[in-house]
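Okay, here's what each chain looks like letter by letter:
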Amino acid sequence: MKNIKPMISPTEIRKKAEKKYLAFLQSVVEGKTFDPIVIAGNKKPDDDMVMFEKELTELMEHSKERKGYGYTIEYQAVKTKKHGLQDIPTSICFRTEHDYLKFIGKELTTAHFRTDIKKCIYELPELKDWISKYPNKVLDNHNVWDDLLMVCKYFKTTPKPQLYIRELPIQVHTKFIERNKGIIKELLDIIIAEQVNAEETRFEPHFNLKYDEPIVRFRILDEIISEKCFSGTNDISLPITQFKSLNIPVNTIYVVENKMNMLTFPIKRDSIVLWGHGFGVDILKSAEWLKSRKIFYWGDLDAHGFLILSELRKHFQQVESFLMDRETFDAFFEDDKGVEINVVGDLYLTLKEKEMFEYLKTSNFRLEQEKIPFEYAKVKIPD
């Protein structure tokens, strides 16, 4: 049975025309005059002449000739074996912008688009290339462009506010920036590109804003230092920006994952112990003063623990691990299972650490550090 392809329908024409809308908007941004939009419509007459005429009639009923706007049908005379000479639709053409926009129902949307881009380019001309590339994002944010521009202009004049979002002197809703971080980030990364913290992916530190920072908790293990620097306080919690500005006169930093081990860590001269609590160790990378100290790390004996060790050593090459060896594992392992992980890229581990990591990862074994007896751990802590 012959496979007959139906003549293009008005519904199909609309779908194809809508797909060309973003390209049309890009031409508007670039100031180009309207180029007629052509959609292929050629088809040989169906052997069933009744069906062919029905399809052609439907096509004509929705054309500009009948409705006063929309597409114009272009024909070509074709001689057929069964039906003789026939005028066959070869293309569908939108000759004017009015015809095109009214047919796809985008007249008002386009008017809004023109108003928005005129305002944007006038106030922030550096956004023109972005607007041309992403006209759909201009459309998506039609209702908030006045507020977006207020935010952008503020940051252009004050690229490093050092304020909380709610403190910014911008006349927008108190939650506007928080609710529109995605589009604001795209715009500000263009407008103040050289003023952002490129290494930071989080919105607030990326744009030099204050935020509810991660807390670093640590204990001073030397009573003399505790009295001298903190009036006898030895259990301290600080936002990371305050912690990184410290310069505690100690020689050694211990980092442990378990909070109870941090709380019960034995007294050590010239030392402090930090509570790492998982990948929270990554927040320590900005504390430059740690680079001149000895650092010892004690994590769980599982693959995840060694990933944390690797992450810490990536920023502080002098880090040494302790109580993460095969001897400790064999002495206290209780058949616990860890969490299976996939590792991409090289790890910052010593040869023995890599061997232990592979053993634990392959078998999915886990020995949590709190299961190591305190008396055993105490004598294994390095100085």
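Use the structure listed above.
If you're wondering where the values come from, they're calculated on a predicted model, not measured in any experiment. (Residues numbered from 1 in each chain as written. Predicted model: local features only at pLDDT ≥ 70, side-chain atom pairs only at ≥ 80, totals over all residues. Heavy atoms only, no water.)

Some words on the overall build of the protein
Counting its secondary structure elements, the protein contains 19 helices and nine strands. Against the 2.2 N^0.38 benchmark of 21 Å for 383 residues, the protein shows a C-alpha radius of gyration of 34 Å, more extended than a compact globule. Reported as C-alpha extents along the three principal axes, the dimensions of the protein are approximately 105 × 60 × 30 Å. Looking at the protein residue by residue over its 383 residues, the buried ones come to 44%. Taking contacts inside the protein between residues at least 6 apart in sequence as the whole, the part at least 24 apart equals 65%. In the structure as shown, the protein presents an accessible area of about 21,600 Å², 49% of it carried by carbon and sulfur atoms. (Helix = DSSP H or I, 4+ residues; strand = E, 2+ residues; numbered from the N terminus. Rg over C-alpha atoms; globule rule 2.2 N^0.38 Å. Buried < 20%, exposed > 50% of the residue type's maximum accessible area, 1.4 Å probe, protein only. Contact = heavy atoms within 4.5 Å. Areas by Shrake-Rupley, 256 points an atom, 1.4 Å probe, with all protein chains shown as cover.)

A word on the sheet that holds strand S4 (residues 215–220)
Taken together, six strands build an open sheet; the order of strands is S5-S4-S7-S6-S8-S9 and the sheet is mixed. Only two strands of the sheet have a single neighbouring strand rather than two, namely strand S5 (235–239) and strand S9 (320–321). With three bridges joining them, S4 and strand S7 (residues 271–275) adopt antiparallel strand pairing. Each bridged residue has a counterpart across the sheet, and for Ile 220 the counterpart in S7 is Ile 272. (Pairing = 2+ DSSP bridges.)

Things to note about helix H9 (residues 145–157)
Between its terminal C-alpha atoms H9 stretches 18 Å, which fits the 18 Å expected from 13 residues at 1.5 Å a residue. Taken as a whole, H9 has its buried residues at Trp 145, Leu 148, Leu 149, Val 151, Cys 152, Tyr 154 and Phe 155. In this fold, the buried residues of H9 make contact with helix H6 (107–123), helix H7 (128–133), helix H8 (135–140), helix H10 (176–179) and helix H11 (181–191). (Expected span 1.5 Å × (residues − 1).)

Remarks on the packing of H6 against H9
Direction vectors running N to C along H6 and H9 enclose 10°, while the axes themselves pass 11 Å from each other. By the angle between their directions, the pair H6 and H9 is classed as roughly parallel. When H6 is examined against H9, the residues Asp 116, Lys 119, Cys 120 and Glu 123 are found in contact with a partner set consisting of Trp 145, Asp 146, Leu 149 and Lys 153. Among the residues making up the contact of H6 with H9, the classes are represented as three nonpolar, no polar and five charged. (Axes fitted to C-alpha atoms, helices over the stretch in contact; angles between N-to-C directions. Parallel < 35°, antiparallel > 145°, perpendicular 65-115°, else oblique. Nonpolar A, V, L, I, M, F, W, Y, C, P; charged D, E, K, R; others polar.)

Re unusual backbone geometry
One non-glycine residue, Asn 208, adopts positive backbone phi at about 55°. In this fold, Asn 208 is placed in the loop between helix H12 (203–206) and S4. Classification of Asn 208 by relative accessible area gives buried; the value is 8%. One non-glycine residue, Asp 335, lies in positive phi territory at about 65°. Overall, Asp 335 belongs to the exposed group, its relative accessible area being 63%.

Looking at the packing of aromatic side chains
Evaluated as defined, the whole model comprises 27 aromatic pairs. Aromatic pair Phe 34 and Tyr 100: ring centres 6.3 Å apart, planes at 35°, arrangement tilted. Here the residue Phe 34 occupies a position in the loop between helix H2 (21–29) and strand S1 (37–40), and Tyr 100 occupies one in helix H5 (residues 97–104), the gap between them amounting to 66 residues. For Tyr 100, a relative accessible area of 0% gives the class buried. Between the aromatic rings of Phe 333 and Phe 365, the centroid separation amounts to 4.7 Å while the plane-to-plane angle is 50°, which identifies the pairing as tilted. With Phe 333 in the loop between helix H17 (326–332) and helix H18 (351–363) and Phe 365 in the loop between H18 and helix H19 (374–380), this pair connects stretches of sequence that are 32 residues apart. Directly above the ring of Tyr 134 sits Lys 137, whose terminal nitrogen or CZ lies 4.2 Å from the centroid. (Phe/Tyr/Trp six-rings, centres within 6.5 Å; stacked < 30°, edge-to-face > 60°. Lys NZ or Arg CZ within 6 Å of the ring centre and 35° of its normal.)

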